[in-house]
Amino acid sequence: MKLRTILALIAVALTGCAKAQPRDEVILQMSQAFRQGNRLQLAQLLPQARGHALEPWAAYWELRARLDTATAQEVQEFLLRYPGSYQEDRLRNDWLLLLGQRRQWDAFAEEYPRFRMNDDRDVRCYALLVQFLRDGPATQPAVAEEVRRLWLAQREADDACTLAASRMIGPGIGSRLLTQADAWRKARQATEANRPRAAAAAVEIVAPDAVAQYNEMNAGPARFLAGGVVAASRARREIIGLALIKLATTEPESAALQLDSKWGPQLNAEERDWIWAAIGRQAAQRMSSDAAGYFAKIERDSHLSDDLLGWKVRAALRASPRPAWPMILQAVNAMSDEAKQEPTWIYWKARALLATGGEAQRPQAQRMFISIASARGFYEQLALEELGQKVTVPAKPAPPSDIETQSARLNPILTRALYAIAIGLRSEGVREWNYGTNLSKPGGLTDRELLAAARFACEREVWDRCINTSERTRAEFDAEQRFPMPFRDSVVRRATSIGLDPAYVYGLIRQESRFVMDARSSVGASGLMQVMPATARWTARKIGLTAFTPEQLGERETNIAIGTGYLKLVLDDFAGSQPMAAAAYNAGPSRPRAWRNGPPMEGAAWAETVPFNETRDYVKKVVSNATLYSAMLTGQPQSLKARMGAVGPRDAAQPAPNGELP
């Protein structure tokens, strides 16, 4: 179906008639003016956008650009004009943030109950603070616990959660609310993540007199530790601990030596344990053989965060000559209840039970595998294999009924989202679509509604929304929606011609671009296979593609040819290892060459120990995607474990790595 026809149909669905619409160019001009902060142009163009299918976006941009000077009446008029829309609740979100920043708590409390999305951490922290100020501290342990969780998860020193935490820390508040220990934990996490502003904000809450000392430490932790500082108070001890944590980010061995020889006796057990874990994490990210030893010095895993405990598991997986299974079991057992439910830690705990308890622990391990086993993802597929099964295509659910299909097609939020995507406003369309499928009503859409919405997106070939929407179903699993195969002739023909597994190519494209032809990353990679221009030029020469220019990466056939050509070169360089080739495609070939050094490991354990969060997730998803795609393409059960293989140092008999690979 041609784009013009699709737009006309969507416009009719939104307006209820086929009357002439204002030109799309007006909306596109307003989008550009909003990005440029051009308030005058937005005001001038808004009358021309009235009646357009995307009028709510035009009105939102105009008011949002001047929200800091808008009156409460103007805001309310907008909310009443576009009830139930994404733009209404988006502006309410923005308005609530502004009210919180202005400390206009009465107005905030009046508007907040109407907020439907409830996905903004800062708005939630302001709401919790309002509840705390209204009801007082004595009856608010649940409020404080939620503030603690949100504040510790906050990356920067944003106003809302920092303010809420500061109001709940201090003498006389009560032991069930936030404590000084929470503030120091926040400072440690922020220091390790190299977020000094967030760390300084936490220090200022709990020990304002120590901020200058923190700044001195942050400027040079080694110099600070050598400067005669003594652990004469809680604040001094904590600043020393922060110095050791910061030193560990660049010199973990030096930090370990100082903690072991000088500072350890001056710190308490909880402080020492956190610092040893921070050192262990840095060593694990460097894939150092010392990492597991650092974690072994910890007295109580309960002193650690879930993130540090996860790195303890990864360090134990790389222990030589075999994984330190008791350490893995101990670390997972110390995690929060929420973390224990993640498939990653369910799987590795079950493996640790089998390795440490043998047949006596098999029933419990089997129950844990059963609880996650499915074709849905990496650890779910591995759990299937632990149960003696292979990965097959799940039975297709009943297709959406005519009523369910029609309901999705007439949903104004979904149709407006597809219209925005169709005219080039992908970011706006994606946000509105996600709102319509997940946040517009409590609990989101039902499985049947999600399948119908996904079908709507698939029919319009908006593959990323088709996949993401279908992935949200809880009981139903439509493999054709979750793992579509657009451009099948091109992908299979090209992959087969150069000796690549088409399922592996599809698994990579699904992760790279979700089949969005004009996808472009923040670093300049583009097209279906997200190829960088420099890599594309190099690959074009290697595969004999003459007269190539980077602009051709936007052409489907060229992008597939360049992407598969480079992937084949990378795969050959890593002797056919799909997990290492995926890591190289994402992070560059030099890194996985270093990551493979150390004890030989099963592929799944190696993937879990990849030090970059993004690459670790990427490898697992690409190979598990490929496993299911292979089941769909061949009709035969597949093994993820076989695809992952084993990873270890390069066999000397193998050809030397291709140093040219970009």
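Residues numbered from 1 in each chain as written. Predicted model: local features only at pLDDT ≥ 70, side-chain atom pairs only at ≥ 80, totals over all residues. Heavy atoms only, no water.

### Here's the deal with the overall build of the protein chain
What counts is decided by this rule: A run of H or I in DSSP counts as a helix once it spans at least four residues, and a run of E counts as a strand once it spans at least two, with each numbered from the N terminus. Atoms considered for the radius of gyration are the C-alpha atoms alone. The globule rule reads 2.2 Å times the number of residues to the power 0.38. Working definition: with a 1.4 Å probe on protein chains only, accessible area under 20% of the residue-type maximum means buried, over 50% means exposed, and in between means partly exposed. Contact criterion: two residues are considered in contact whenever any of their non-hydrogen atoms come within 4.5 Å of each other. Working definition of accessibility: Shrake-Rupley area with a 1.4 Å probe, residue cover restricted to the visible protein chains. Within this scheme the basic residues Lys and Arg register as positive and the acidic residues Asp and Glu register as negative, but His and the chain ends are omitted. Positions of charges follow a simple convention, taking NZ of Lys, CZ of Arg, CG of Asp or CD of Glu.
Counting its secondary structure elements, the protein chain contains 39 helices and two strands. Over its C-alpha atoms the protein chain spans a radius of gyration of 27 Å, differing by no more than 12% from the 26 Å that the globule rule assigns to 662 residues. Dimensions along the principal axes, computed over C-alpha positions, put the protein chain at roughly 80 × 70 × 55 Å. Counting only residues that meet the buried cut, the protein chain has 54% of its 662 residues in that class. Looking at the protein chain alone, contacts between residues at least 24 apart form 61% of all its contacts between residues at least 6 apart. Accessible surface computed for the protein chain: about 28,500 Å², of which carbon and sulfur atoms make up 50%. Seen as two clouds, the 84 positive and the 74 negative side-chain charges of the protein chain have centres 2 Å apart.

### Digging into the pattern of salt bridges
Going by this rule: Throughout this description, the term salt bridge denotes a Lys or Arg side-chain nitrogen within 4 Å of a carboxyl oxygen of Asp or Glu.
Scanning the model with the defined rule gives 56 salt bridges in all. A salt bridge links Glu145 to Arg148; the shortest N-O distance between them is 2.2 Å. Of this pair, Glu145 and Arg148 both sit in helix α9 (residues 141–153), three residues apart, which is roughly one turn of that helix. Looking at Arg148, the relative accessible area reads 14%, which means it is buried.

### Concerning the layout of surface pockets
What counts here: Any residue with an atom within 4 Å of a point lines the site, the site being either a cavity, points on a 1 Å grid over the protein atoms alone where a 1.4 Å probe fits but cannot get out, or a pocket, an open set with protein on both sides within 12 Å along at least 5 of 7 lines. Grid points are joined across faces, edges and corners, and a volume is the space filled by probe spheres set on the points. All amino acids are sorted into three groups, where Ala, Val, Leu, Ile, Met, Phe, Trp, Tyr, Cys and Pro are nonpolar, Asp, Glu, Lys and Arg are charged, and the leftover types, Gly among them, are polar.
Space inside the largest pocket adds up to approximately 1,500 Å³. Taken together, 42 residues make up the lining of the largest pocket; nearest its centre are Leu152, Gln189, Ser305, Asp306 and Asp307. Sorting the residues of the lining of the largest pocket by element identifies α9, α11 (180–192), α17 (269–285), α19 (306–317), α21 (337–340), α22 (343–357) and α38 (613–634) as the ones contributing at least two each. Ranked by the residues each element gives to the lining of the largest pocket, the list is headed by α11, at eight residues. Of the residues that constitute the lining of the largest pocket, the class distribution is 13 nonpolar, seven polar and 22 charged.

### Describing helix α5 (residues 72–81)
Worth spelling out the cut-off: Note that the arc is computed from the directions linking the helix axis to the C-beta atoms.
Of all the residues in α5, the buried ones are Val75, Phe78 and Leu79. Here the buried residues of α5 occupy an arc of 100 degrees about the axis, which is enough to place them on one side. Away from its buried face, by an angle of more than 90 degrees, α5 presents the exposed residues Gln73 and Leu80. Buried residues belonging to α5 abut α4 (55–65), α6 (86–101) and α7 (105–111).

### Considerations on unusual backbone geometry
The omega torsion across Ser320 and Pro321 is 10 degrees, close enough to zero to call that bond cis. Relative to the helices and strands, Pro321 is located in the loop between α19 and α20 (325–333). Phi angles above zero are rare outside glycine, and Asn118 is one such case at about 50 degrees. Mapped onto the secondary structure, Asn118 falls in the loop between α7 and α8 (121–135). A relative accessible area of 48% means that Asn118 is categorised as partly exposed.

### As for the nonpolar core
As a reminder, the rule being used: By nonpolar core we mean a set of buried residues, namely Ala, Val, Leu, Ile, Met, Phe, Trp, Tyr and Cys, connected to one another through side-chain atoms within 4.5 Å.
Phe108, Trp184, Val203, Ile279, Ile328, Trp348 and Trp606 are the most contacted members of the largest nonpolar core, which has 219 residues in total. Discounting residues that sit within four places of it in the chain, Trp606 has contacts with Arg318, Pro579, Met580, Ala583, Trp595, Arg596, Met601 and Val647.

### Digging into helix α33 (residues 533–543)
Burial in α33 covers these residues: Thr535, Ala536, Trp538, Thr539 and Ala540. The elements touched by buried residues of α33 are α34 (556–573).

### Details of the packing of aromatic side chains
The condition that has to hold: Aromatic rings from Phe, Tyr and Trp, with only the six-membered ring used for Trp, were paired whenever their centres fell within 6.5 Å, and each pair was classed as stacked if the ring planes differed by under 30 degrees, edge-to-face if by over 60, and tilted otherwise. Comment: the charge-over-ring label is applied if NZ (Lys) or CZ (Arg) is within 6 Å of the ring centre and within 35 degrees of the ring normal.
Scanning the entire structure with this criterion turns up 26 aromatic pairs. When the ring of Trp57 is compared with that of Tyr86, the centres are 5.6 Å apart and the planes differ by 50 degrees; the resulting orientation is tilted. Of the two residues, Trp57 is situated in helix α4 and Tyr86 in helix α6; the sequence distance between them amounts to 29 residues. For the pair formed by Trp57 and Tyr86, the shared burial category is buried. Ring geometry for Trp348 against Tyr379: centres 6.1 Å apart, planes inclined by 75 degrees, an arrangement best described as edge-to-face. Here Trp348, found in helix α22, pairs with Tyr379, found in helix α24 (residues 378–386); they are 31 residues apart in sequence, far enough to count as distant. Ring pairs connect the aromatic residues Phe34, Trp57, Tyr60, Trp61, Tyr86 and Tyr435, which therefore count as one cluster. Against the face of Trp311 rests Arg314, its NZ or CZ located 4.6 Å from the ring centre. Over the ring of Phe483 we find Arg510, and its NZ or CZ is 4.1 Å from the ring centre.

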